[in-house]
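Letter by letter, the chains look like this.
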Amino acid sequence: MLNHIENLILYEIQKGVIKERDYTYVKNQLFRLLQIEPTDQSVAFESIKYPSEALDPILDILEQKQILDGSQVARDLFDAKIMNVFAKLPSDIEEIFFALYNQKHSLATTWYYDYMKHLNYIRDERIKKNEFFKTTSVYGDVEITINLSKPEKDPKSILAASKVKSLSYPKCVLCAESEGFAGNPSRDSRDQHRLIELDINHESWFLQYSPYTYYNEHAIVLSSEHRPMKINQNTFENLLELCEQFDHYLFGSNADLPIVGGSILSHDHYQGGNYVFPIEKADTLSLWEKEGITYELKKWPLSTLVIKSTSKDDLIHKAVFILDKWKNYNNPDLSIKAYSDDVPHHTITPIARIKDGFYTLTLIFRDNQTSDEHPYGIFHPHADKWHIKKENIGLIEAMGLAILPARLKEEMKHVKAYLLNKKPLPELAMKHEKFANDILSKNQVDGQNVDHLIEQKIGQVFVAILEDSGCFKQNKEGLDAFKSFIEDELI
Ligand SMILES: [Zn+2]
């Protein structure tokens with residue numbers, strides 16, 4: 001145990017999270033927390049690459065001593081408490097952040113991102129386990145990640161979660177009140193979680209990084225108030241203001257309706273980061289310009305209009321106008337419908353960036369109707385693709401980065417064995433039979449190309465899922481209707 005403690009302290013000194021001066025203090029804190037006899041015994045120590053290299057063996061020992069019960073959730077709750085011994089208070093972190101920000105914006109974000117990695121809040125070693133690949137399509141490359149970083153709940157953790165009553169404080173996982181929160185078996189610990197308070201259009205918001213980053217510097221910006229997601233004028237204003245405050249980032253918002261929104265509709269938040277998504281590289285199909293605003297219809301499976309201007313106010317005004325038009329747009333030939341009685345179906349997934357001196361808003365038109373044929377959503381992944389993904393197409397996926405479930409890793413091993421050796425698919429992978437036969441019918445599969453063929457095929461399914469989610473399809477009928485809508489009503 002002692003050597004792992006020394007390794008962890010050395011790591012945090014090397015990374016600048018603490019200073020050598022803090023050594024005795026943190027060691028004594030850890031003795032107490034880990035329930036071991038204080039000692040001045042010196043032990044050999046070594047450099048480690050990730051905090052987990054010290055944390056994992058420490059947690060193993062705590063399990064042997066029956067201080068932990070052996071569940072994954074108990075480990076995750078406890079290692080956050082170990083790391084919190086090293087963490088500064090929120091106000092100290094903000095002071096460093098804004099001192100760097102005043103020199104250069106990216107210095108602040110890089111420092112904060114690294115700091116949260118060094119505190120193991122962003123679990124970098126788990127994120128590196130995610131599979132990532134690009135596949136080609138008629139829309140350009142799309143990107144796929146198979147999310148292996150979120151551990152699946154083991155039976156002990158599920159049982160523990162079932163025994164705790166649901167929390168009323170903090171109201172949700174995003175709430176700013178989560179900062180430093182100890183967690184319980186049903187709610188992740190946030191002991192070493194630290195937020196940066198921002199003023200966005202005279203309102204208090206908080207910046208954080210996602211603990212399960214899906215792309216470089218995956219930022220989340222949350223309102224200080226727990227209130228539902230809403231796409232309106234404030235959204236466009238806030239996203240563009242964020243781009244001004246962090247000019248090396250893009251920012252977007254999930255839509256505010258079920259089916260076409262993200263997984264959390266109850267707390268107003270945006271996502272952003274230091275990353276260029278496939279949608280930004282998509283070709284332009286048509287271009288218009290009027291009164292200082294450029295309109296670009298994108299060749300993209302979801303119905304996407306990019307508007308640009310050097311005037312922020314003009315652009316926001318136009319975006320509100322477009323949102324309002326879309327909210328009331330009907331096209332029965334394409335099954336596009338604005339309302340069922342009083343229930344609205346239409347909203348927008350917006351993305352903002354400042355590029356080459358232009359304020360840019362990418363507006364993705366969404367419709368959340370369901371039908372007897374598509375009870376989960378007409379413009380949602382259709383049932384024939386659920387073997388790859390069934391969940392909502394939120395902001396990140398709409399931009400061309402698929403986040404696919406961890407189960408696929410295991411299931412694709414069976415598909416691979418089937419493709420190479422005709423080894424029958426087990427029950428859990430039977431849903432991929434048609435997918436596998438499609439690959440076989442079009443390719444000569446061998447040990448060299450099998451992984452590539454599977455990846456490309458997954459990419460094709462993802463693109464088809466995005467096409468399902470598009471309101472105006474990328475065919476003549478769909479594009480003509482989309483152009484008419486843009487020319488007749490939006491410009
Ligand atoms: Zn909340």
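Residues numbered from 1 in each chain as written. Predicted model: local features only at pLDDT ≥ 70, side-chain atom pairs only at ≥ 80, totals over all residues. Heavy atoms only, no water.

## A short note on the coordination of the zinc ion
Applicable threshold: The rule for donors is simple: an N, O or S atom within 2.8 Å of the metal counts, and for Na, K and Ca the reach is 3.2 Å. Water is not among the atoms, so a site may look short of donors. Tetrahedral means four donors with every angle between 85 and 135 degrees, whereas square planar (four donors) and octahedral (six donors) require angles over 155 degrees between opposite donors and between 65 and 115 for all others; sites fitting neither are termed irregular. In this text, helices come from DSSP runs of H or I with a minimum length of four residues, and strands from runs of E with a minimum of two, each type numbered from the N-terminal end. The classification of residues rests on relative accessible area computed with a 1.4 Å probe and restricted to protein chains. Under 20% of the type maximum is buried, over 50% is exposed, and intermediate values are partly exposed.
Surrounding the zinc ion are the protein donor atoms Cys 172 (SG), Cys 175 (SG), His 226 (ND1) and His 267 (ND1), which sit 2.1 to 2.3 Å from the metal. Around the zinc ion, the four donor atoms sit at angles spanning 102 to 122 degrees, and that spread fits a shape best called tetrahedral. Here the donor residues of the zinc ion are spaced in sequence according to C-x2-C-x50-H-x40-H. One end of the pair, Cys 172, is in the loop between α8 (155-163) and β3 (196-200); the other, His 226, is in the loop between β5 (219-223) and α9 (233-245), and 54 residues separate them in sequence. Under the relative-accessibility criterion, Cys 172 is labelled buried at 9%.

## Let's talk about the layout of surface pockets
One water molecule sets the probe size; rolling that probe over the atoms shows where empty space is left. The condition is simple: Both site types are read off a 1 Å grid over the protein atoms alone. A 1.4 Å probe that fits but cannot get out defines a cavity, while an open set with protein on both sides within 12 Å along at least five of seven lines defines a pocket; lining residues have an atom within 4 Å of a point. Grid points are joined across faces, edges and corners, and a volume is the space filled by probe spheres set on the points. For this classification, Asp, Glu, Lys and Arg are treated as charged, while Ala, Val, Leu, Ile, Met, Phe, Trp, Tyr, Cys and Pro are nonpolar and the rest, including Gly, are polar. How far each domain reaches was decided by an automatic or database domain assignment.
When its volume is computed, the largest pocket comes out at roughly 1500 Å³. In this structure, the largest pocket is lined by 50 residues; those nearest its centre are Asn 147, Lys 150, Tyr 212, Tyr 214 and Ser 263. Contributing elements (two or more residues each) for the lining of the largest pocket: α4 (72-84), β7 (269-273), α11 (395-398) and β15 (401-404). For the lining of the largest pocket, the element with the highest residue contribution is α4, accounting for five residues. Looking at the lining of the largest pocket residue by residue, the class counts come to 18 nonpolar, 20 polar and twelve charged. Summarising the domain contributions, the lining of the largest pocket has at least three residues from each of domain 1 (2-120 + 151-209) and domain 2 (219-379 + 470-490).

## A look at the environment of Ser 71
Convention followed: We call two residues contacting when some pair of their heavy atoms lies within 4.5 Å.
Relative to the helices and strands, Ser 71 is located in the loop between α3 (52-64) and α4. Counting along the chain gives 86 residues from Ser 71 to Ser 157, while the straight-line C-alpha distance between them is 5.6 Å. Ignoring any residue separated from it by four or fewer positions in sequence, one finds Ser 71 in contact with Glu 63, Asp 154, Lys 156 and Ser 157.

## Considerations on the domain arrangement of the chain
Quick note on the threshold: What gets called buried area is simply the loss in accessible area from a 1.4 Å probe that two parts show on being joined, summed for both. Here a salt bridge means any side-chain nitrogen of Lys or Arg lying within 4 Å of a carboxyl oxygen belonging to Asp or Glu.
Along its sequence, the chain is organised into domain 1 (2-120 + 151-209) and domain 2 (219-379 + 470-490). Between the C-alpha centres of domain 1 and domain 2 the distance comes to 36 Å. Contacts between the two partners involve 23 residues from domain 1, matched on the other side by 23 residues from domain 2. Of all residues in domain 1, the largest losses of buried area upon contact with domain 2 belong to Leu 174, Asn 201 and Trp 205, amounting jointly to 30% of the total for that side. Inspection of the domain 1/domain 2 interface yields one salt bridge.

## Re the packing of aromatic side chains
Put simply, the rule is: In this analysis, rings of Phe, Tyr and Trp, with Trp reduced to its six-membered ring, are considered paired at centre separations within 6.5 Å, and the interplanar angle assigns stacked below 30 degrees, edge-to-face beyond 60, and tilted for intermediate values.
One pass over the structure, following the stated rule, counts 29 aromatic pairs. With a centroid separation of 6.5 Å and 70 degrees between ring planes, the pair formed by Tyr 139 and Trp 300 is classed as edge-to-face. In this pair, Tyr 139 is assigned in the loop between β1 (131-135) and β2 (142-146) and Trp 300 in the loop between β9 (293-298) and β10 (304-309), connecting sequence segments 161 residues apart. Note on Tyr 139: relative accessible area 7%, which makes it buried. The exposure class assigned to Trp 300 is buried, which follows from its relative accessible area of 0%. Aromatic pair Tyr 329 and Phe 485: ring centres 4.3 Å apart, planes at 45 degrees, arrangement tilted. Here Tyr 329, found in the loop between α10 (312-327) and β11 (339-340), pairs with Phe 485, found in helix α15 (residues 476-490); they are 156 residues apart in sequence, far enough to count as distant. There is no split in this pair, since Tyr 329 and Phe 485 are both buried. Site record: aromatic cluster; members linked through ring pairs are Phe 97, Phe 98, Tyr 101, Tyr 112, Tyr 113, Tyr 209, Phe 246, Tyr 249 and Phe 251.

## Brief notes about the nonpolar core
Heads up, the condition is: In this description, a nonpolar core means a group of buried Ala, Val, Leu, Ile, Met, Phe, Trp, Tyr and Cys residues linked to one another through side-chain atoms lying within 4.5 Å.
Counting 90 residues, the largest nonpolar core has Phe 86, Ile 307 and Phe 472 as the members making the most contacts within it. When residues are assigned to domains, this core turns out to be shared by domain 1 (2-120 + 151-209) and domain 2 (219-379 + 470-490), each giving three or more. Here Phe 472 is in contact with Ser 303, Trp 326, Tyr 329, Leu 334, Ile 336, Gly 478, Ala 481, Phe 482 and Phe 485, once residues within four sequence places are set aside. Formed by 45 residues, the second largest nonpolar core is a distinct cluster that contains Tyr 139, Ala 282, Leu 401 and Leu 453.

## Concerning the side chain of Ser 178
What counts is decided by this rule: For this analysis, a polar contact is any N or O atom pair within 3.5 Å, provided that within protein one partner can donate a hydrogen and the other can accept it, and provided that sequence-adjacent residues contribute only side-chain to side-chain pairs.
Mapped onto the elements of the fold, Ser 178 is located in the loop between α8 and β3. From its side chain, Ser 178 meets the backbone oxygen of Val 173 in a polar contact 3.5 Å long. The contact partners of Ser 178, leaving out residues within four places of it in the chain, are Pro 170, Cys 172, Val 173, Arg 190 and His 193.

## Focus on the pattern of salt bridges
Tallied over the entire structure, the rule returns 31 salt bridges. Of the charged contacts, one joins Glu 296 and Lys 298 as a salt bridge, the two residues approaching to 3.3 Å between their closest N and O atoms. Just as Glu 296 is buried, Lys 298 falls in that class too. Among the ionic pairs, Glu 411 bridges to Arg 407, the shortest N-O distance being 2.9 Å. A residue pair is termed a helical-turn pair when its members lie 3 or 4 positions apart in one helix, as Glu 411 and Arg 407 do in helix α12 (residues 407-421) at four residues. Here Arg 407 falls in the partly exposed class, since its relative accessible area comes to 27%.

## Some remarks on the packing of α12 against helix α13 (residues 433-442)
Convention followed: Lines fitted to C-alpha atoms define the axes here, with helix axes fitted over just the stretch in contact, and angles between the N-to-C directions of these axes take values from 0 to 180 degrees. When describing relative orientation, an angle under 35 degrees is termed roughly parallel and one over 145 degrees roughly antiparallel, while 65 to 115 degrees is termed roughly perpendicular and anything else oblique. Handedness of a crossing is defined here by the sense of rotation of the near helix relative to the far one, left-handed for an anticlockwise turn of less than a right angle and right-handed for a clockwise turn.
For the pair α12 and α13, the least separation of the axes is 10 Å and the interaxial angle reads 40 degrees. Classified by the interaxial angle, the pair formed by α12 and α13 is oblique. When you trace α12 past α13, the crossing you get is right-handed. Each of Met 412, Val 415, Tyr 418 and Leu 419 in α12 lies in contact with α13, whose residues at this interface are Phe 435, Ala 436, Asn 437, Ile 439 and Leu 440.

## Details of the sheet that holds β1
Heads up, the rule is: Here, any two strands with at least 2 DSSP bridges between them count as paired.
The strand order across the open sheet formed by three strands is β1-β2-β15, and the pairing between neighbours is mixed. Only two strands of the sheet have a single neighbouring strand rather than two, namely β1 and β15. Within the sheet, the average angular offset between the axes of one strand and its neighbour, ignoring direction, is 20 degrees. As judged from the four bridges shared by β2 and β15, these two strands associate in the parallel manner.

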